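# Residue-level structure breakdown
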Amino acid sequence: VQLQASGGGLVQAGGSLRLSCAGFGRTFSSSVMGWFRQALGKEREFVAGISWGGDITKYADAVKGRFTISRDSAKNTVYLEMKNLKPEDTAVYYCAARSGGPLITTIMKTYDYWGQGTQVTVSS
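Residues numbered from 1 in each chain as written. Predicted model: local features only at pLDDT ≥ 70, side-chain atom pairs only at ≥ 80, totals over all residues. Heavy atoms only, no water.

This next bit is on the sheet that holds strand β8 (residues 77-82). Strands sit in the order β1-β3-β8-β7 across an open sheet of four strands; the sheet is antiparallel. Every interior strand has two partners, whereas the edge strands, β1 (2-6) and β7 (67-72), have only one. Strand-to-strand, the axes of this sheet are offset by a mean angle of 15 degrees, without reference to chain direction. Judged from the six bridges that link them, β7 and β8 form a sheet pairing that is antiparallel. If you follow F67 over to β8, its bridge partner there is M82. (Pairing = 2+ DSSP bridges. Helix = DSSP H or I, 4+ residues; strand = E, 2+ residues; numbered from the N terminus. Axes fitted to C-alpha atoms, helices over the stretch in contact; angles between N-to-C directions.)

If you want it as structure tokens, here you go:
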């Protein structure tokens, strides 16, 4: 599976962005998908995940109620809708695919494929 993330940019606090992650490969539709982020000087952290069928989602506490993950199987694309953005959301955002089972995990090493990352910067 190859992943290509896009949609990052510069936005003011309180604003919105939508990230996209296009997947290429026959196993994309059977992969759990996740979004992670890494701020400067910090470790990469889990943001959100979605099941194979798109009916189960999981979020980090820091983004619950503000971010929404979804997937369009017909387009082989996963989205991360981000609203009410805060300066602390500033980071490089990565999409990832997990082909090892149906569970949405928050641990980086359980994901097999990674996109290149897209920068999100939120100004105060």
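Additional details are given in the paragraphs that follow.
Turning our attention to the state of the cysteines. With the rule as written, the count across this model stands at one disulfide. Across a sulfur-sulfur distance of 2.1 Å, C21 and C95 are joined as a disulfide pair. With the S-S bond torsion at 65 degrees, the cross-link from C21 to C95 turns out right-handed. Here C95 lies in strand β9 (residues 91-98) and C21 lies in strand β3 (residues 17-24), a separation of 74 residues in the sequence. A relative accessible area of 0% places C21 in the buried class. For C95, a relative accessible area of 1% corresponds to the buried category. (Disulfide = S-S within 2.5 Å. Buried < 20%, exposed > 50% of the residue type's maximum accessible area, 1.4 Å probe, protein only.)

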